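Below are the chains, spelled out letter by letter.
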Amino acid sequence: MTTRARSFDAAAALYAAHRPGYPPALFDAVESLTGRPLAGARVADVGAGTGIATALLRERGAEVLAVEPGDGMAAEFRRTCPGVPIVRGDGNRLPLASGSVDLITYAQAWHWTDPARSVPEARRVLRPGGALALWWNDTDTTVPWIAEQEERLRVFFEVKGETHRTLPEGIGEFTTRSVTWSRHITLDDHLANLASHSAFLVLGEERTRAYFAGERELLEPLFPDGVVEEQYAVQLSVAVV
(Lines give C-alpha, C1' and ligand atoms only; values in the text may rest on other atoms or scores of the structure.)
Protein backbone atom coordinates (compact mmCIF):
# COMPACT_ATOMS: atom_id res chain seq x y z
CA MET A 1 0.00 0.00 0.00
CA THR A 2 2.81 2.42 0.82
CA THR A 3 4.50 1.75 -2.53
CA ARG A 4 1.26 2.34 -4.41
CA ALA A 5 0.33 5.40 -2.36
CA ARG A 6 3.71 7.00 -2.98
CA SER A 7 3.72 6.06 -6.68
CA PHE A 8 1.77 9.26 -7.39
CA ASP A 9 4.79 11.42 -6.56
CA ALA A 10 6.54 10.51 -9.81
CA ALA A 11 3.37 11.18 -11.82
CA ALA A 12 2.01 14.28 -10.09
CA ALA A 13 1.85 16.37 -13.27
CA LEU A 14 0.00 13.57 -15.11
CA TYR A 15 -2.42 13.31 -12.18
CA ALA A 16 -3.08 17.06 -12.08
CA ALA A 17 -3.62 17.29 -15.83
CA HIS A 18 -5.96 14.34 -16.35
CA ARG A 19 -7.79 13.31 -13.18
CA PRO A 20 -11.46 14.35 -13.05
CA GLY A 21 -12.71 17.06 -10.74
CA TYR A 22 -16.03 17.06 -8.88
CA PRO A 23 -19.43 18.57 -9.72
CA PRO A 24 -21.03 21.44 -7.77
CA ALA A 25 -23.78 19.03 -6.67
CA LEU A 26 -21.22 17.13 -4.60
CA PHE A 27 -20.46 20.19 -2.49
CA ASP A 28 -24.18 20.93 -2.21
CA ALA A 29 -24.54 17.43 -0.76
CA VAL A 30 -21.63 17.99 1.67
CA GLU A 31 -23.36 21.12 2.97
CA SER A 32 -26.68 19.30 3.25
CA LEU A 33 -25.26 16.33 5.16
CA THR A 34 -23.06 18.40 7.49
CA GLY A 35 -25.84 20.88 8.14
CA ARG A 36 -23.68 23.94 7.52
CA PRO A 37 -22.36 25.98 4.59
CA LEU A 38 -18.82 25.52 3.37
CA ALA A 39 -18.39 29.29 3.25
CA GLY A 40 -16.40 30.27 6.32
CA ALA A 41 -15.86 26.67 7.46
CA ARG A 42 -12.36 25.65 8.49
CA VAL A 43 -11.59 22.55 6.42
CA ALA A 44 -8.65 20.14 6.44
CA ASP A 45 -8.38 18.43 3.05
CA VAL A 46 -6.30 15.34 3.83
CA GLY A 47 -4.43 13.52 1.09
CA ALA A 48 -4.93 16.69 -0.93
CA GLY A 49 -2.69 15.52 -3.76
CA THR A 50 -2.41 18.14 -6.47
CA GLY A 51 -5.26 20.19 -5.00
CA ILE A 52 -8.22 19.15 -7.16
CA ALA A 53 -10.69 19.07 -4.26
CA THR A 54 -8.91 21.80 -2.29
CA ALA A 55 -9.40 24.35 -5.06
CA LEU A 56 -13.11 23.55 -5.36
CA LEU A 57 -13.62 23.79 -1.60
CA ARG A 58 -11.98 27.21 -1.65
CA GLU A 59 -14.29 28.30 -4.46
CA ARG A 60 -17.18 27.54 -2.10
CA GLY A 61 -15.69 29.91 0.47
CA ALA A 62 -14.09 27.39 2.80
CA GLU A 63 -10.89 28.19 4.66
CA VAL A 64 -8.90 25.16 3.53
CA LEU A 65 -5.68 23.75 4.91
CA ALA A 66 -4.24 20.94 2.77
CA VAL A 67 -2.46 17.91 4.24
CA GLU A 68 -0.29 15.88 1.85
CA PRO A 69 2.53 13.36 2.52
CA GLY A 70 4.11 13.07 -0.93
CA ASP A 71 6.97 15.26 -2.14
CA GLY A 72 5.93 15.24 -5.80
CA MET A 73 2.25 15.78 -5.11
CA ALA A 74 2.98 18.61 -2.67
CA ALA A 75 5.24 20.31 -5.22
CA GLU A 76 2.51 20.09 -7.87
CA PHE A 77 -0.03 21.37 -5.33
CA ARG A 78 2.07 24.49 -4.76
CA ARG A 79 2.10 25.11 -8.52
CA THR A 80 -1.63 24.62 -9.01
CA CYS A 81 -2.82 26.21 -5.75
CA PRO A 82 -0.38 29.05 -5.05
CA GLY A 83 -0.96 30.73 -1.74
CA VAL A 84 -3.04 27.89 -0.28
CA PRO A 85 -1.53 26.60 2.99
CA ILE A 86 -0.26 23.03 2.88
CA VAL A 87 1.36 20.96 5.60
CA ARG A 88 3.15 17.65 5.23
CA GLY A 89 1.53 14.66 6.89
CA ASP A 90 -1.18 12.05 6.47
CA GLY A 91 -4.39 10.94 8.09
CA ASN A 92 -2.68 8.51 10.43
CA ARG A 93 -0.88 11.37 12.16
CA LEU A 94 -2.44 14.72 11.41
CA PRO A 95 -0.12 17.68 12.01
CA LEU A 96 -3.07 19.75 13.27
CA ALA A 97 -4.17 21.07 16.65
CA SER A 98 -6.93 19.30 18.55
CA GLY A 99 -10.40 20.73 17.98
CA SER A 100 -9.16 23.01 15.20
CA VAL A 101 -11.37 22.27 12.17
CA ASP A 102 -15.06 22.08 11.31
CA LEU A 103 -14.69 19.54 8.52
CA ILE A 104 -12.15 16.95 7.42
CA THR A 105 -12.36 15.86 3.80
CA TYR A 106 -10.79 12.88 2.05
CA ALA A 107 -11.18 13.01 -1.74
CA GLN A 108 -10.05 9.68 -3.19
CA ALA A 109 -7.73 9.27 -0.19
CA TRP A 110 -9.30 7.55 2.82
CA HIS A 111 -8.40 4.06 1.56
CA TRP A 112 -4.71 4.91 1.98
CA THR A 113 -5.12 5.34 5.74
CA ASP A 114 -5.09 2.90 8.66
CA PRO A 115 -8.54 3.43 10.26
CA ALA A 116 -7.21 2.28 13.64
CA ARG A 117 -5.13 5.47 13.62
CA SER A 118 -6.94 7.80 11.23
CA VAL A 119 -10.30 7.59 13.02
CA PRO A 120 -8.94 8.71 16.43
CA GLU A 121 -6.96 11.43 14.66
CA ALA A 122 -10.09 12.71 12.93
CA ARG A 123 -12.00 12.75 16.21
CA ARG A 124 -9.15 14.62 17.90
CA VAL A 125 -8.85 17.34 15.25
CA LEU A 126 -12.57 17.98 14.71
CA ARG A 127 -14.42 20.56 16.74
CA PRO A 128 -17.62 19.45 18.53
CA GLY A 129 -20.30 19.08 15.88
CA GLY A 130 -17.69 18.80 13.14
CA ALA A 131 -17.85 16.26 10.35
CA LEU A 132 -15.76 13.78 8.39
CA ALA A 133 -16.52 13.60 4.66
CA LEU A 134 -15.16 10.84 2.43
CA TRP A 135 -15.77 10.61 -1.30
CA TRP A 136 -14.67 8.73 -4.39
CA ASN A 137 -15.23 9.34 -8.10
CA ASP A 138 -16.42 5.89 -9.23
CA THR A 139 -16.95 5.16 -12.90
CA ASP A 140 -20.61 4.57 -13.72
CA THR A 141 -20.73 0.91 -14.64
CA THR A 142 -24.38 1.16 -15.72
CA VAL A 143 -22.88 2.55 -18.95
CA PRO A 144 -22.07 -0.47 -21.16
CA TRP A 145 -18.67 0.60 -22.52
CA ILE A 146 -17.51 1.60 -19.03
CA ALA A 147 -18.65 -1.74 -17.59
CA GLU A 148 -16.73 -3.55 -20.34
CA GLN A 149 -13.60 -1.49 -19.66
CA GLU A 150 -13.85 -2.15 -15.92
CA GLU A 151 -14.11 -5.88 -16.59
CA ARG A 152 -11.00 -5.76 -18.79
CA LEU A 153 -9.15 -4.01 -15.97
CA ARG A 154 -10.28 -6.66 -13.47
CA VAL A 155 -9.04 -9.44 -15.75
CA PHE A 156 -5.74 -7.67 -16.51
CA PHE A 157 -4.94 -7.09 -12.84
CA GLU A 158 -6.37 -10.48 -11.81
CA VAL A 159 -8.86 -9.00 -9.37
CA LYS A 160 -10.80 -11.85 -7.78
CA GLY A 161 -14.33 -11.43 -6.47
CA GLU A 162 -16.12 -8.22 -5.62
CA THR A 163 -14.41 -5.30 -3.97
CA HIS A 164 -16.37 -3.50 -1.27
CA ARG A 165 -15.57 -0.15 0.30
CA THR A 166 -15.89 -0.33 4.08
CA LEU A 167 -16.68 2.81 6.03
CA PRO A 168 -14.81 3.24 9.32
CA GLU A 169 -16.35 2.66 12.72
CA GLY A 170 -15.89 4.76 15.82
CA ILE A 171 -16.49 8.15 14.22
CA GLY A 172 -20.28 8.30 14.18
CA GLU A 173 -23.05 7.19 11.84
CA PHE A 174 -22.40 7.80 8.16
CA THR A 175 -24.97 9.09 5.70
CA THR A 176 -24.20 8.27 2.08
CA ARG A 177 -25.25 9.87 -1.18
CA SER A 178 -24.40 9.21 -4.81
CA VAL A 179 -23.93 12.15 -7.18
CA THR A 180 -23.82 11.40 -10.90
CA TRP A 181 -22.03 13.58 -13.43
CA SER A 182 -19.96 13.36 -16.61
CA ARG A 183 -17.26 15.12 -18.59
CA HIS A 184 -16.28 15.14 -22.26
CA ILE A 185 -12.57 14.70 -22.94
CA THR A 186 -10.37 13.42 -25.74
CA LEU A 187 -9.56 9.74 -26.02
CA ASP A 188 -5.92 10.59 -25.32
CA ASP A 189 -6.91 12.31 -22.10
CA HIS A 190 -9.14 9.42 -21.10
CA LEU A 191 -6.27 6.97 -21.46
CA ALA A 192 -3.94 9.33 -19.61
CA ASN A 193 -6.46 9.48 -16.76
CA LEU A 194 -6.40 5.68 -16.53
CA ALA A 195 -2.60 5.69 -16.65
CA SER A 196 -2.47 8.00 -13.62
CA HIS A 197 -3.94 5.31 -11.34
CA SER A 198 -1.56 3.62 -8.94
CA ALA A 199 -2.05 0.13 -10.36
CA PHE A 200 -0.50 1.28 -13.63
CA LEU A 201 2.10 3.52 -12.00
CA VAL A 202 3.69 0.49 -10.32
CA LEU A 203 3.15 -1.91 -13.22
CA GLY A 204 6.13 -1.04 -15.37
CA GLU A 205 6.42 0.84 -18.66
CA GLU A 206 6.39 -2.12 -21.05
CA ARG A 207 3.22 -3.78 -19.75
CA THR A 208 1.49 -0.42 -19.36
CA ARG A 209 2.28 0.57 -22.95
CA ALA A 210 1.00 -2.77 -24.25
CA TYR A 211 -2.23 -2.50 -22.27
CA PHE A 212 -3.04 0.98 -23.53
CA ALA A 213 -2.27 0.10 -27.13
CA GLY A 214 -4.92 -2.60 -26.89
CA GLU A 215 -7.34 -0.31 -25.07
CA ARG A 216 -6.98 2.39 -27.72
CA GLU A 217 -7.69 -0.16 -30.46
CA LEU A 218 -10.94 -1.15 -28.72
CA LEU A 219 -12.13 2.38 -27.98
CA GLU A 220 -11.37 4.17 -31.25
CA PRO A 221 -14.32 2.53 -33.10
CA LEU A 222 -16.65 3.53 -30.24
CA PHE A 223 -15.53 7.17 -30.33
CA PRO A 224 -14.67 7.93 -33.96
CA ASP A 225 -14.57 11.69 -33.31
CA GLY A 226 -11.96 11.14 -30.60
CA VAL A 227 -14.17 12.51 -27.80
CA VAL A 228 -15.11 10.33 -24.81
CA GLU A 229 -17.88 11.00 -22.30
CA GLU A 230 -16.60 9.74 -18.96
CA GLN A 231 -19.53 9.15 -16.63
CA TYR A 232 -19.15 9.01 -12.87
CA ALA A 233 -21.10 8.39 -9.69
CA VAL A 234 -19.40 10.13 -6.78
CA GLN A 235 -19.91 8.15 -3.59
CA LEU A 236 -20.07 10.57 -0.65
CA SER A 237 -20.22 9.51 2.99
CA VAL A 238 -20.47 12.01 5.86
CA ALA A 239 -20.37 11.44 9.61
CA VAL A 240 -21.10 14.27 12.06
CA VAL A 241 -19.31 13.81 15.40
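Look above for the structure.
Read on for a plain summary of the structure. (Residues numbered from 1 in each chain as written. Predicted model: local features only at pLDDT ≥ 70, side-chain atom pairs only at ≥ 80, totals over all residues. Heavy atoms only, no water.)

## Structural notes on helix H6 (residues 115-125)
Three- or four-residue spacings in an α-helix give side chains the same orientation, since the helix completes a turn every 3.6 residues.
Phase 1: Here H6 has its buried residues at Ser118, Val119, Glu121, Ala122 and Val125. When H6 is viewed along its axis, its buried side chains cluster within an angular range of 165° and face the same direction.
Phase 2: For H6, the secondary structure elements touched by its buried residues are strand E4 (101-107) and strand E5 (126-139). (Buried < 20%, exposed > 50% of the residue type's maximum accessible area, 1.4 Å probe, protein only. Helix = DSSP H or I, 4+ residues; strand = E, 2+ residues; numbered from the N terminus. Arc of directions from axis to C-beta. Contact = heavy atoms within 4.5 Å.)

## Quick notes on the pairing of strand E1 (residues 42-46)
Phase 1: Burial within E1 is extensive, with 4 of its 5 residues counted as buried.
Phase 2: One ladder, built from 5 bridges, connects E1 with strand E2 (residues 63-68); its direction is parallel. Residue pairing in the sheet places alanine 44 in a bridge with leucine 65 of E2.
Phase 3: Read from E1 through helix H4 (residues 52-59) to E2, the crossover connection turns out right-handed.
Phase 4: Across 3 bridges, E1 lies against E4 in parallel orientation. Of the residues in E4, the one forming a bridge with alanine 44 is isoleucine 104. (Pairing = 2+ DSSP bridges. Right-handed = clockwise from strand over helix to strand, strands pointing away.)

## So, the sheet that holds strand E6 (residues 174-186)
Backbone hydrogen bonds hold the strands of a sheet together, and the pairing may be parallel or antiparallel.
Phase 1: Reading across the sheet, the 7 strands line up as E3-E2-E1-E4-E5-E7-E6 and stay open at both edges, with mixed pairing between neighbours. In the strand order of this sheet, the two ends are held by strand E3 (86-88) and E6, each with one partner. Shown here is a sheet whose adjacent strand axes are inclined to one another by a mean of 20°, direction ignored.
Phase 2: When E4 meets E5, the two strands line up parallel, connected through 6 bridges. Each bridged residue has a counterpart across the sheet, and for alanine 107 the counterpart in E5 is tryptophan 135.
Phase 3: Across the sheet, helix H3 (residues 24-34) touches E4, E5, E6 and strand E7 (227-240), and the angle it forms with E7 is around 10°. (Axes fitted to C-alpha atoms, helices over the stretch in contact; angles between N-to-C directions.)

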